[in-house]
Amino acid sequence: MSTPLQAPPFGRDTSATDQVRYGVIVSGPRLVAESIFRLLRTPKGQLLSDPFWGESLADRLGSDFSQADADTLPSQLEAAIEKDDRIDSVTVTSTLSKVGATALLLKLTIAATLSDGSSFSMVVAYQDLTVTLLELTFGGVTS
Amino acid sequence: MSMSIPTALSELIRQRTQEEIFGDSITQMQSQAVATETWKSGDPTRELLFTLSFQLAGLEDPNVGYPAIIGGGFLGYAAGPWLDALATSNYNSPRNPATYAQCTLQLTNATAQDFGTIEQNDTTAENPTTHATYHNTASYVLGPAGGPTAVATVTIEADAAGSAGNSDVGDISSVVNMPGVTVTHLTAAPGLDAEDDFAYTLRAQQKFVSLSPNGPVGAYTYVVTTASLQADGSGITNVTRVRAIGDSDFGEAVFFIAGSSGPLAGPEAARAQATVIKWAEPLAVDSIAVLATGVTFNVIYELWVYDTINLTQTEIETLVESALRTATNQRRIGGDNETGDDTPGFIYAEWVRAQITEAVAPHAFKCLLTAPAVDLPLDLTVDPINNIYTAQVAELVTVTPTIHIVPRGPGT
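Residues numbered from 1 in each chain as written. Chains lettered and ligands numbered in written order. Predicted model: local features only at pLDDT ≥ 70, side-chain atom pairs only at ≥ 80, totals over all residues. Heavy atoms only, no water.

Digging into the overall build of chain A
Across its full length, chain A carries two helices and seven strands. Listing every helix and strand of chain A by position from the N terminus yields β-β-α-α-β-β-β-β-β. Out of the 143 residues belonging to chain A, those deemed buried represent 43%. Working note: accessible area of chain A is about 7600 Å², and carbon and sulfur atoms make up 51% of it. (Helix = DSSP H or I, 4+ residues; strand = E, 2+ residues; numbered from the N terminus. Buried < 20%, exposed > 50% of the residue type's maximum accessible area, 1.4 Å probe, protein only. Areas by Shrake-Rupley, 256 points an atom, 1.4 Å probe, with all protein chains shown as cover.)

Structure representation (structure tokens):
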């Protein structure tokens, strides 16, 4: 067996957010940020290899979802994200608003510091069962 | 250098689990200098490999994957639809189909309503115990009470194929859509399930024998058990077991017949004999079809199994009893004996005990058999001088189990 190449922090993998981008390889904080985004868009029980993985909130955004529910989310999500040993610390804030008569829009702002000292922040939006990555920033630079 | 010849298909096929395939994939990636240790749940390449390993493991499933497909090329290993394909294409032997149970009802109109002519399929009868439903096979007339057509004898047929439509005499007690009409259920409704893989395989094996002038025994078996060859054109046969014995001194060949659950009734012998005469009887030979009779026996056993079987006591009892009944109904007419010749044989008590433990293998570790306490003798007599032809099959009546589920404990 040949010796593995010197791996960058957190390894390398194919880029995947809302879709897999074959041929695009990511590493470092982007790799971790994409992983966290996938965590937030995957319903628990959907991942074949790990049914306990996934924190998607999309199916909870029904008509009975309240501001009080939104207020409890940050601490729940921080605990879930910090299970990833690549994350050193994370802060989550949530904003709930109405779109039109009944639709809800939930925005999460996630700021994470990684175990190698690098960082990222992202804004994720939930609306009508759709999860969208609105913004991804590394060290203050928007990607 | 000698070469060992595999005796089982499983020796030729290496089946891997999903975990093994996934592990092999990771190892191969590592051998290509890919650092896989950083991969976590949800990472694209890891999940892609995991999903592929899951799909590939499905292809290696012995029941539906390529082991089943490979087995489909060999009589003895083929099962299910692959056996159908093999036996039909290579042996020109389609599977004997399920039949629809038919029986006769007497319908009595106790009301003043004149139902007039009732067309085929317009009367729905029901067995309230099994909820099997039946429809009339032909039109009939049912007039008002007291009139000349107030009573009609009607043939009905089950809506479901096979034994699901079986009913004993008296069990069909109502017509659903004709209030005020009472039912007298006159004859039993027997339906046959489609031929199972075991019987189908044996019959296909007999096909080549049936083509040989030296193989009348196999020829008798093949034609009598093949529904489509029945001389009466019925397309039905209840015969699943045949034992043919020839006598060159008298030019007679007697063949005993039995069904999948024991002895058969008289018309089966007439149909079997006509079928043999039509398709299989050699020149200068007289063939005689004889119904095997039944010998009943009970089984009483005490069984110890480890809790690794992961079944309840009732489930174990059901599993064992089902296995015993199936195995008993597959024993050959006249029983087995140590020489294999055409002399009376037995249902061996040791064989019964083996069926019990094999039904729950590898979890059983002890079995005490109280009944049958001794080997059960079965008659097999062919005496053309005195014109005596008798043979027996075993019929299992009751099974009385005592089950002990024992903790196996860790690390053993």
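After that view, the rundown keeps rolling.
Brief notes about the overall build of chain B
Looking only at helices and strands, chain B has nine helices and 17 strands in total. Expressed as a percentage of contacts within chain B between residues at least 6 apart in sequence, the contacts between residues at least 24 apart total 67%. (Contact = heavy atoms within 4.5 Å.)

Quick notes on a nonpolar patch on the surface
Together, Val20(A), Tyr22(A), Leu48(B), Leu52(B), Leu56(B), Leu59(B), Tyr66(B), Ile69(B), Ile70(B), Phe74(B), Tyr77(B) and Trp82(B) make up an exposed nonpolar region whose accessible area comes to about 1100 Å². Within the residue set of the nonpolar patch, elements represented by two or more residues are β2 (20-27) of chain A together with α2 (44-59) and α3 (66-71) of chain B. On the basis of relative accessible area, Ile70(B) is assigned to the partly exposed category, the value being 36%. (Patch = residues over 30% accessible without salt bridge, like charges linked within 9 Å, V, L, I, M, F, W, Y side chains within 5 Å. Salt bridge = Lys/Arg side-chain N within 4 Å of Asp/Glu carboxyl O.)

Quick look at helix α6 (residues 216-225) of chain B
Two residues of an α-helix separated by three or four positions point the same way, owing to the 3.6 residues in each turn. Within α6(B), eight of the ten residues are buried, leaving the element largely enclosed by the surrounding structure. Considered for burial, the residues of α6(B) that qualify are Gly218(B), Ala219(B), Tyr220(B), Thr221(B), Tyr222(B), Val223(B), Val224(B) and Thr225(B).

Some remarks on the sheet that holds strand β12 (residues 293-306) of chain B
All names here are of chain B. Across the sheet, which stays open at both edges, the four strands sit in the order β14-β12-β17-β16 with mixed pairing between neighbours. The strands lining the two open edges of the sheet, one partner per strand, are β14 (364-371) and β16 (380-383). Averaged over all pairs of adjacent strands, the angle between strand axes in this sheet comes to 20°, irrespective of strand direction. The sheet contact formed by β12 and β14 spans six bridges and is antiparallel. Note that in β14 the partner of Leu-303 across the bridge is Cys-367. Across the sheet, helix α9 (residues 349-359) lies against β12 and β14, angled at about 140° from β14, the strand it touches most. (Pairing = 2+ DSSP bridges. Axes fitted to C-alpha atoms, helices over the stretch in contact; angles between N-to-C directions.)

Considerations on the packing of helix α1 (residues 18-31) of chain B against α2(B)
Helix packing for two helices is described by the angle between their axes and how far apart those axes are. Residues and elements named next belong to chain B. Interaxial distance between α1 and α2 falls to 8 Å at its minimum, and their mutual angle equals 140°. Classified by the interaxial angle, the pair formed by α1 and α2 is oblique. Relative to α2, the crossing made by α1 is right-handed. Facing α1, whose interface residues are Gln-18, Ile-21, Phe-22, Ser-25, Ile-26 and Met-29, α2 presents Thr-45, Arg-46, Leu-49, Phe-50, Ser-53, Phe-54, Leu-56 and Ala-57. (Parallel < 35°, antiparallel > 145°, perpendicular 65-115°, else oblique. Left-handed = near helix turned anticlockwise from the far one by under 90°.)

Re the sheet that holds strand β11 (residues 286-291) of chain B
Consider a sheet: its strands pair through backbone hydrogen bonds, and that pairing is either parallel or antiparallel. Residue and element names in this part refer to chain B. Reading across the sheet, the three strands line up as β9-β10-β11 and stay open at both edges, with mixed pairing between neighbours. One side of each edge strand has no neighbouring strand; the edge strands of this open sheet are β9 (241-247) and β11. This sheet shows a mean twist of 20° between the axes of neighbouring strands, independent of strand direction. Alignment of strand β10 (residues 252-258) against β11, held across six bridges, turns out to be parallel. Residue pairing in the sheet places Ala-253 in a bridge with Ser-287 of β11. Along the sheet, helix α7 (residues 266-279) contacts β10 and β11; its crossing angle with β11, the most-contacted strand, is approximately 155°.

Points about the packing of aromatic side chains
All names here are of chain B. Here the structure, examined in full by the defined rule, presents six aromatic pairs over all chains. Aromatic side chains Phe-346 and Tyr-348 sit 5.5 Å apart centroid to centroid with 40° between the ring planes, which places their arrangement in the tilted category. You can call Phe-346 partly exposed: its relative accessible area is 29%. Here Arg-408 stacks its cationic end above the ring of Tyr-306, 4.8 Å away from the centre of that ring. (Phe/Tyr/Trp six-rings, centres within 6.5 Å; stacked < 30°, edge-to-face > 60°. Lys NZ or Arg CZ within 6 Å of the ring centre and 35° of its normal.)

Examining empty space enclosed by the protein
As enumerated under the stated definition, the model contains one cavity of 30 Å³ or more in all. Roughly 30 Å³ of internal volume is contained in the largest cavity. Considering the residues around the largest cavity, the lining is formed by Asp13(A), Thr14(A), Val26(A), Leu31(A), Glu34(A), Arg38(A), Asp43(B) and Pro44(B). Per-element tally for the lining of the largest cavity: the top contributor is helix α1 (residues 28-41) of chain A, with three residues. Here the lining of the largest cavity is composed, by residue class, of three nonpolar, one polar and four charged. (1 Å grid on protein atoms, 1.4 Å probe; cavity = no way out; pocket = protein on both sides within 12 Å on 5 of 7 lines; lining within 4 Å. Points joined across faces, edges and corners; volume = space filled by probe spheres on them. Nonpolar A, V, L, I, M, F, W, Y, C, P; charged D, E, K, R; others polar.)

Examining the layout of surface pockets
All names here are of chain B. Empty space within the largest pocket amounts to approximately 1300 Å³. Around the largest pocket, the lining comprises 48 residues; the ones closest to its centre are Thr-240, Arg-241, Gly-259, Ser-260 and Asn-329. If you list the elements that add at least two residues to the lining of the largest pocket, you get α5 (197-210), α6, β9 and α8 (313-328). The element best represented in the lining of the largest pocket is α5, accounting for five residues.

Let's talk about the side chain of Gln355(B)
Of note, Gln355(B) is situated in helix α9. If we skip the residues at most four places from it in the chain, Gln355(B) touches Leu324(B) and Ala327(B).

A look at the side chain of Ser167(B)
All names here are of chain B. Here Ser-167 lies in the loop between β6 (151-158) and β7 (174-175). A polar contact is formed between the side chain of Ser-167 and the side chain of Tyr-134, at a distance of 2.7 Å. Residues contacting Ser-167, with those up to four places away along its chain left out, are Asn-127, Tyr-134, Ile-172, His-185, Ala-188 and Ala-189. (Polar contact = N/O pair within 3.5 Å; in protein donor to acceptor, adjacent residues only side chain to side chain.)

A short note on the interface of chain A and chain B
Contacts between the two partners involve 22 residues from chain A and, on the opposite side, 17 residues from chain B. Together, the buried faces of chain A and chain B total about 1600 Å²; carbon and sulfur atoms form 57% of this surface. Run the count over chain A and chain B and you get two salt bridges. In this structure, the salt-bridge partner of Arg38(A) is Asp43(B), at a minimum N-O distance of 3.0 Å. On the surface where chain A and chain B come into contact, there are seven residue pairs in polar contact (both at pLDDT 80 or more). At the level of elements, β1 (12-16) and α1 of chain A are the ones that each hand at least two residues to the side of chain A that touches chain B. Counting residues per element, the side of chain A that touches chain B draws most heavily on β1(A), which supplies four residues. Partitioning the side of chain A that touches chain B into residue classes produces nine nonpolar, six polar and seven charged. (Buried area = accessible area lost by both parts, 1.4 Å probe.)

As for α8(B)
Along its 16 residues, α8(B) runs 22 Å from first to last C-alpha, staying within 8% of the 22 Å computed at 1.5 Å per residue. Packing partners of the buried residues in α8(B) comprise β9, β12, α9 and β17 (388-406) of chain B. (Expected span 1.5 Å × (residues − 1).)

A look at the confidence of the model for chain A
Mean pLDDT for chain A: 88, with 92% of residues reaching 70 or above. For chain A, strand β7 (residues 141-142) of chain A is the element with the lowest average pLDDT, namely 62, and α1(A) is the one with the highest, namely 95. (pLDDT = per-residue confidence, 0-100.)

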